[in-house]
Every structure is written in structure tokens, then in C-alpha cells.
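Each chain, written out:
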Amino acid sequence: MTLTSPHLPGTAGWTDARLLYALEEVVGRELDRHLKISKDWMPHDYVPWSEARNFPAFFEDGEAWDRSQSKVSDIGRTALVVNLLTEDNLPSYHHEIATLFGRDGAWGTWVHRWTAEEGRHGIVMRDYLLASRAVDPDELEKFRMAHMCEGFESDNRHSMLHSIAYVAFQELATRISHRNTGHHSGDPVCDRMLARIALDENLHMIFYRNLLGAAFELAPDLTMQAVRDVVVHFRMPGHGMPGFERAAAQMAIGEIYNLRIHHDDVLQPVLRFLKVLDIDGLGPEGLQAQDELGLYMDGLDTEASKFDERLAARKARMAARAAR
């Protein structure tokens, strides 16, 4: 069903400004719901401070970092660095959404609340990594400087609908990446910390997913086109960090985040919940976008199956070598 703004003759006249205005009430409701169910938590409560010790630059008793000090697995170490560097670019993310959504009314309240909640993630992850000596602190800081100096520009900054669609999927992708990193880290303390972060990311996903659902009711054709574009061209926000391609490949093999996970645990849940591929009453452009989205998902499933086969073959080879 298509809802029409009282200020517009139909959906053809939608602009970002009109959509922001039309969705303001929905944002307010979702913000109220979010504040009722979200729980404040203290980053310092999740950090093993008793394991911390000085580094050597200015302390006589300082101890240089060594890989043997890390409790986390190799894949856990790689994923933790990627996940933290992604969180580190929060100033750029805030700039993007504040510029797009504004700083007034319900939109502005949400932008600042989201930023404050996301800020906890970088705080607790960095404190954990340094206190537990999970990763090389010098290398981590060099990566942070390089990544943040590069900045971040969203692929979807040209359109609020594209931006809403993107974050609906990206927040879920981030939740899955954090949760799987915790599972594969080999450290229960790390797993507990990332599980707490993942709860936040899931609530953020629900906020944007529900907002995307409201956008489908207002402007179904435009929203369908935005979802198609975002799904087909999806990239994680950390794609510009140093060594990302190699780290992403390692995380795919390590089953932190790969094509199968992306298809089954990120794209499909959002599309299924909103019944995106079942929406009717679309115009020609909306129908075309819906068809192209369905074809893309079928193709991605095929590619994910091929990846699954390669991964299974690799595991079999490694098991055979270990048995010799």
C-alpha cells in the first residue's frame, strides 16, 4: 500500500527534505521505543584491568608487547583490529548522518544518541585490547592514524533512502562480525565484551529496519530502488583501512564474515522481515528493482555455495595434513 503525504500529489515528488519531514513521526516513535528497551552499561566493567601492565616507552618497569602475551586466536586478533578500526571512524560517521539527517527534532536526538552509544564500543574494545595485550599496540595506533586520516565518505551520502537502507543492513553486519569474532577469539572475556556490543548493534539495526519499513509505505518504488542499489553494491564501512582486503579474506576463511554469512545472516533477515521481495503494487521502476534484487540474491546464494565448497575442501586438506 502506498501512503501519500498531504503536501504532495503522489510519490513522484519525494525529495530528501520531504522524506525527512514525513518520517519524523516514525523516528520519534522508534526513538521512544529504543530508549525504553536499551540498557546503559559501563565499558570499564568489561575490561580485565588486573591483567594490565606498563608499556616500556616511559616506564622503567614497562614490558614490550609480544605475540605470546595474547590470549586470543590469530583470527580473533585480525578481526578485533578490523572491528576496532571500523569503530574508530565514529567522528566521520557522525558527520555523515548529522549532515544527512540533521541535528534538530527527533532526527537530531537519534543522531546524538546513536553516536553516544557507538562511542562505548571503541572505548571498551581499545581498553580490552591494551589491558589484555591482545594485539600489538604500536601497530594498532599506526593503523588508527592511517585510517582516520583517510576519513570516511559513505557510498550512499547522495540519498537519505539509500543511507537508511545501508545502515539497516550494515548495523546487522557489524553485529554479526562482532559476535562471530567473540566466538572465535578463544577468550571468554573478549566474547562477553563483544556480546554486549552486539546487543547495541542489534537495537540500532531494528531502529533503521523499522524506519526502512516506513519508507516502503511512503515511497515504495524509490525505496525498492534504494534497497536494490545498496544490496548490490554493499561494502562494509572499514573497506578503506590499511590491509583490509587481506584481513577480509582471513575473516572469510575463519568464518567471521563471508559470503554465506552475508547472504544468510545479514541480507536475508532484513529482506524477509520487511517482505521486500513480496511487495506488490509497485510501478515499473519499482518492479524492475525488485526483480533485479531477487536475481542478485539468487546469484549471491550460488556464489556463497561455491565458497562453502572451497572452504570445506580447505578444511579437509588441513585435517588430512594434521592427521599425518
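What counts, and at which threshold
- Residues numbered from 1 in each chain as written.
- Predicted model: local features only at pLDDT ≥ 70, side-chain atom pairs only at ≥ 80, totals over all residues.
- Heavy atoms only, no water.
- Salt bridge = Lys/Arg side-chain N within 4 Å of Asp/Glu carboxyl O.
- Helix = DSSP H or I, 4+ residues; strand = E, 2+ residues; numbered from the N terminus.
- Buried < 20%, exposed > 50% of the residue type's maximum accessible area, 1.4 Å probe, protein only.
- Axes fitted to C-alpha atoms, helices over the stretch in contact; angles between N-to-C directions.
- Parallel < 35°, antiparallel > 145°, perpendicular 65-115°, else oblique.
- Left-handed = near helix turned anticlockwise from the far one by under 90°.
- Contact = heavy atoms within 4.5 Å.
- Nonpolar A, V, L, I, M, F, W, Y, C, P; charged D, E, K, R; others polar.
- Expected span 1.5 Å × (residues − 1).
- Bend = angle between axes of the 7 residues up to and from the residue.
- Core = buried A, V, L, I, M, F, W, Y, C linked by side-chain atoms within 4.5 Å.

Novice: Help me understand the pattern of salt bridges, please; the structure alone is not making it clear to me.
Specialist: Side chains that differ in charge, positive against negative, can pair when their charged atoms come close. Applying the stated criterion to the full structure yields 21 salt bridges. Across the pair arginine 113 and aspartate 40 runs a salt bridge, and its minimum N-O distance is 3.4 Å. Taken as a pair, arginine 113 in helix α4 (residues 105-132) and aspartate 40 in the loop between α1 (16-37) and α2 (74-88) lie far apart in primary sequence, 73 residues in all. For arginine 113, a relative accessible area of 23% puts it in the partly exposed group. Residues joined by salt bridges that share partners form a network here, namely Asp40, Arg113, Glu117 and Arg120.

Novice: When you look at the packing of helix α6 (residues 160-185) against helix α8 (residues 220-232) in this model, what are you seeing that I'm missing?
Specialist: In helix packing, the relevant descriptors are the interaxial angle and the interaxial distance, both defined with respect to the helix axes. The interhelical angle for the contact between α6 and α8, taken along N-to-C directions, is 50°, at an axis separation of 8 Å. When the interaxial angle is binned, α6 and α8 end up oblique. Crossing of α6 against α8: the hand is right-handed. Between α6 and α8, the contacting residues are Leu161, His162, Ala165, Tyr166 and Phe169 on the first element and Leu222, Thr223, Gln225, Ala226, Val227, Asp229, Val230 and Val231 on the second. Per-class residue counts for the contact of α6 with α8 are nine nonpolar, three polar and one charged.

Novice: When you look at the environment of arginine 324 in this model, what are you seeing that I'm missing?
Specialist: Of note, arginine 324 is situated in the segment after α11 (284-323). Through-space distance from the C-alpha of arginine 324 to that of tyrosine 208 is 51 Å; in sequence the pair is 116 residues apart.

Novice: How should I be thinking about α1 in this particular structure?
Specialist: Because each turn of an α-helix spans 3.6 residues, side chains separated by three or four positions end up pointing in the same direction. Taking 1.5 Å of rise per residue, 22 residues should cover 32 Å, and α1 covers 29 Å from first to last C-alpha, within 8% of that figure. Taking the largest bend as the criterion, α1 deviates by roughly 45°, centred on glutamate 24. Buried within α1 are the following residues: Leu19, Leu20, Leu23, Val26, Val27, Gly28, Glu30, Leu31 and His34. The inward-facing, buried residues of α1 contact α3 (90-101), α4, α6 and α7 (188-218).

Novice: Looking at this model, I keep getting lost on the nonpolar core. Mind explaining?
Specialist: In globular proteins that are soluble, nonpolar side chains generally tend to be buried together. Ranked by size, the top nonpolar core spans 90 residues in total, and within it Leu23, Phe101, Trp107, Met160, Phe169 and Val227 carry the most contacts. By residue number, the principal contributor to this core is α7, which donates 15 residues. Residues within four places of tryptophan 107 in sequence aside, it is in contact with Leu20, Leu23, Glu24, Val27, Phe101, Gly102, Met160, Ile164 and Leu211.

Novice: Got a minute to help me understand the environment of alanine 252 in this structure?
Specialist: Residue placement: alanine 252 occurs in helix α9 (residues 244-253). Given a relative accessible area of 12%, alanine 252 falls into the buried group. Sequence spacing of alanine 252 and threonine 15 is 237 residues, and the spatial spacing of their C-alpha atoms is 39 Å. If near-sequence neighbours (up to four positions away) are discounted, alanine 252 is found in contact with Tyr257, Asn258 and Phe307.

Novice: Which parts of the structure should I look at to understand the packing of α4 against α6?
Specialist: Here α4 crosses α6 at 25°, and the two axes come no closer than 15 Å. Taken together, α4 and α6 sit at an angle that is classed as roughly parallel. Of the two possible hands of crossing, α4 and α6 adopt the one that is left-handed. Facing α4, whose interface residues are Trp107, Trp114, Glu118 and Met125, α6 presents Met160, Ile164, Glu171 and His178. Here the contact of α4 with α6 is composed, by residue class, of five nonpolar, one polar and two charged.

Novice: Quick question: what am I supposed to make of the side chain of serine 177 here?
Specialist: Here serine 177 is to be found in helix α6. For serine 177, the contacting residues outside a window of four places in its chain are Asn83, Met251, Ile256 and Tyr257.

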